[in-house]
Amino acid sequence: MEAADIFASMKSPSVMRAIAPSAVRGLLFSVGKRSDTTDMPAAHAAHFNWAYPHDHPEMHALYERAKRGQWNGSDLPWHTPVDPLNPDLPIAPLDLIDLNAATALGIRLDSKDQPRMVHSMSSWMLSQFLHGEQGALLAAAQVTESVSFFDGKLYGSTQVMDEGRHVEVFHRYLTEKLGKMYHINDNLFVIIDALMTDSRWDLKFLGMQIMVEGLALGAFGFLYQSTKEPLLKELLKYVIQDEARHVHYGVLALKEHINYGISKSERNEREDWAYEVALLMRNRFMAYEVYEEWFDGTSVSRDQWRQLIMNSPGMQRFRKTMFTRLVPNIREIGLLSDRIRPHYEKAGLGIYFSGQAAPEVSGEQMVQELDHEAA
């Protein structure tokens, strides 16, 4: 029924046709949960340029920044002891799951359950970050092959390295420090499957660099600002700086292409695609995998759980921070026309229209702002 609801909510037939095969695999058959491995057929053109030009000065500058910004995940203070149930050094804010909201919805959780639930929710969030980073690793390799700017290929090579490092550190933190990891969420699987199997290079850019990386950047910022656990905070500080460059890269690659390189109908299709995927990604954060662990087979329904996730103050802040980093970049690349704006406003996303886009704020500035706000 939830899968049917997602299909019914899609307004664009072209977007539905593009996403439908991935949605069937991810939502109806839960392919991402059936095995430890999944094969996705990829079809795209690899673009070679034997002249090796410096054809995009801004991308070249980003490439230079990326080379200077490389770091070694092994150098993080992994000796730091982590107790995910320690209320003095919480992994995430305790109001991520609000006891009052749970009680109002008829869900019985006592004060002893709350830190355990936050441990589960934190592990779930970081697990989805890990799975998203593996998707970004493979997508970055595809994009490096297919992008036409040679300076973009050079920059793309640094992103492949970045994403490999992110996979390394998130997996190590989950296994060594939290001792818990969840399967990929079905909605996230749909998005990754759709991106990896689409032959259009700009859709890969739009989906991964703007949508997935943009939302991840906001999510990382939320967790960086709210966690009291020093190792996770240090890890996220470095990841945020990498991700800010990745989103900036996506904006540089797509802005001219979207505005001048495609037809109006193609631009409308990509505009619809971005909107539909934004809604799908918002639905991704219902954490049903945690519900199934805690409450499946009990009197607590999925609807009660969904309302708890929607009403808990920590999760409300989480969603707000995510979209703060996404919507301005959709605007910046030219996919927020007067035609689509009312749909974002109806979905409650219009409040983010005037936010800062990636070229306006670096990862270093972002970390400084987050530290200043938390002080």
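See the structure printed just above.
Thresholds, definitions, all that
One numbering rule holds for all chains: residues counted from 1, following each sequence as written. Restriction of local features to residues with pLDDT of at least 70 applies here, the model being predicted, together with a cutoff of 80 or more for giving and counting side-chain atom pairs; totals for whole chains, interfaces and linings are based on all residues. To obtain the side-chain values, all non-hydrogen atoms of the structure were included, while hydrogens and water were left out. Each patch is built from residues that are more than 30% exposed by relative accessible area and take part in no salt bridge. Like charges join if they lie within 9 Å; nonpolar side chains (Val, Leu, Ile, Met, Phe, Trp, Tyr) join within 5 Å. Only the protein chains shown count as cover for residues, and all accessible areas are computed by the Shrake-Rupley method using a 1.4 Å probe. Basic side-chain nitrogens of Lys or Arg form a salt bridge, by our definition, when they fall within 4 Å of a carboxyl oxygen of Asp or Glu. Helix and strand definitions follow DSSP, with helices as H or I runs of at least four residues and strands as E runs of at least two, each counted in order from the N terminus. The cut-offs for exposure are 20% and 50% of the maximum accessible area for each residue type, with area from a 1.4 Å probe on protein chains only; residues under the lower value are buried, those over the upper are exposed, and the others partly exposed. Expected helix span is computed as 1.5 Å times (number of residues minus one). Each residue is assigned a bend, namely the angle between axes fitted to the seven residues that terminate at it and the seven residues that start at it. Working definition: rings of Phe, Tyr and Trp (its six-membered ring) pair if their centres are within 6.5 Å, and the pair is stacked with planes under 30 degrees apart, edge-to-face with planes over 60 apart, and tilted otherwise. Within this scheme, the nonpolar core is defined by two criteria: the residues are buried Ala, Val, Leu, Ile, Met, Phe, Trp, Tyr or Cys, and they are joined through side-chain atoms within 4.5 Å. Pairs of residues are marked as contacts when any of their non-hydrogen atoms sit within 4.5 Å. Any pair of nitrogen or oxygen atoms within 3.5 Å is treated as a polar contact; in protein, a donor-acceptor pairing is required on top of that, and neighbouring residues in sequence qualify only through side-chain atoms on both sides. Orientation is described by axes fitted as lines to C-alpha atoms, over the contacting stretch for helices, and by angles from 0 to 180 degrees between their N-to-C directions. Comment on the angle field: the value is read as roughly parallel under 35 degrees, roughly antiparallel over 145, roughly perpendicular from 65 to 115, and oblique elsewhere. A clockwise turn of the near helix away from the far one marks a right-handed crossing, whereas an anticlockwise turn of less than a right angle marks a left-handed crossing. Amino acids are sorted into nonpolar (Ala, Val, Leu, Ile, Met, Phe, Trp, Tyr, Cys and Pro), charged (Asp, Glu, Lys and Arg) and polar (every other residue, Gly among them).

### Let's talk about a nonpolar patch on the surface
Taken together, Phe48, Trp50 and Tyr52 make up a surface patch of nonpolar side chains, about 450 Å² in accessible area. In this structure, Trp50 sits in the loop between α3 (31-34) and α4 (57-68). Residue Trp50 is classed as exposed on the basis of its relative accessible area, which comes to 63%.

### A closer look at helix α2 (residues 13-28)
Two residues of an α-helix separated by three or four positions point the same way, owing to the 3.6 residues in each turn. An ideal rise of 1.5 Å per residue puts 22 Å on 16 residues; α2 reaches only 19 Å between its terminal C-alpha atoms. The axis of α2 is deflected most strongly, by about 45°, at Ile19, and proline Pro21 appears within four residues downstream. Here α2 has its buried residues at Ser14, Val15, Ile19, Ser22, Ala23, Gly26 and Leu27. Phi turns positive, to about 45°, at Ser30, one or two residues after α2.

### A few points about the packing of aromatic side chains
Under the counting rule described, the total for this entry stands at 17 aromatic pairs. Taking 4.7 Å as the distance between ring centres and 85° as the angle between the ring planes, the aromatic pair formed by Phe129 and Phe220 counts as edge-to-face. A residue pair is termed long-range when its members are at least 10 positions apart, and Phe129 in helix α6 (residues 113-146) and Phe220 in helix α9 (residues 201-226) qualify at 91 residues. On the basis of relative accessibility, which here comes to 4%, the residue Phe129 falls in the buried class. Measuring from centroid to centroid gives 4.5 Å for Tyr155 and Tyr249, while their planes differ by 55°, and the two rings are tilted. In this pair, Tyr155 sits in helix α7 (residues 150-178) while Tyr249 sits in helix α10 (residues 230-261), placing the two residues 94 residues apart along the sequence.

### Remarks on the pattern of salt bridges
One pass over the structure, following the stated rule, counts 24 salt bridges. With a closest N to O distance of 2.9 Å, Lys33 and Glu289 form a salt bridge. Of this pair, Lys33 sits in helix α3 while Glu289 sits in helix α12 (residues 288-294), and the two are 256 residues apart along the sequence. With relative accessibility at 25%, the residue Lys33 sits in the partly exposed group. For Glu289, a relative accessible area of 9% gives the class buried. Note that Arg339 is salt-bridged to Asp272, the shortest N-O span being 2.9 Å. Note that Arg339 is positioned in the loop between α14 (313-332) and α15 (341-346) and Asp272 in helix α11 (residues 264-284), a separation of 67 residues in sequence. Accessibility expressed as a relative area gives 38% for Arg339, which makes it partly exposed. A residue is classified by how much of its surface remains accessible, and Asp272, at 15% relative accessible area, is buried. Taken together, the shared-partner salt bridges connect Asp198, Arg200, Asp202, Glu269 and Arg270 into one network.

### Focus: the nonpolar core
Counting 120 residues, the largest nonpolar core has Met121, Tyr173, Met211 and Trp305 as the members making the most contacts within it. Top contributing element to this core by residue count: α9, with 15 residues. Aside from chain neighbours lying at most four places away, what touches Trp305 is Ile97, Ile107, Met117, Met121, Met286, Ala287, Tyr288, Val290, Tyr291 and Phe295.

### Side note on the side chain of Gln209
Assignment of secondary structure puts Gln209 in helix α9. At 2.8 Å, the side chain of Gln209 and the backbone oxygen of His246 are in polar contact. Beyond its immediate chain neighbours, meaning those up to four positions away, Gln209 contacts Gln159, Lys204, Gly214, His246, Val247, Tyr249 and Gly250.

### Concerning the packing of α9 against helix α16 (residues 363-374)
Contact geometry for α9 and α16: axes closest at 10 Å, N-to-C directions at 40°. Comparing the axis directions of α9 and α16 gives the class oblique. Here α9 runs over α16; the crossing is right-handed. Side by side, α9 and α16 meet where Leu217, Gly221, Tyr224 and Gln225 of the first sit next to Met366, Val367, Leu370, Asp371, Glu373 and Ala374 of the second. Residues of the contact of α9 with α16, tallied by class, amount to 6 nonpolar, 2 polar and 2 charged.

### Some thoughts on the environment of His183
Within the element layout of this structure, His183 appears in the loop between α7 and α8 (186-197). The spacing of His183 and Asp113 is 70 residues in sequence and 22 Å in space, taken between C-alpha atoms. Setting aside anything within four residues of it in sequence, one finds His183 in contact with Gly32, Lys33, Gln128, His131 and Glu289.

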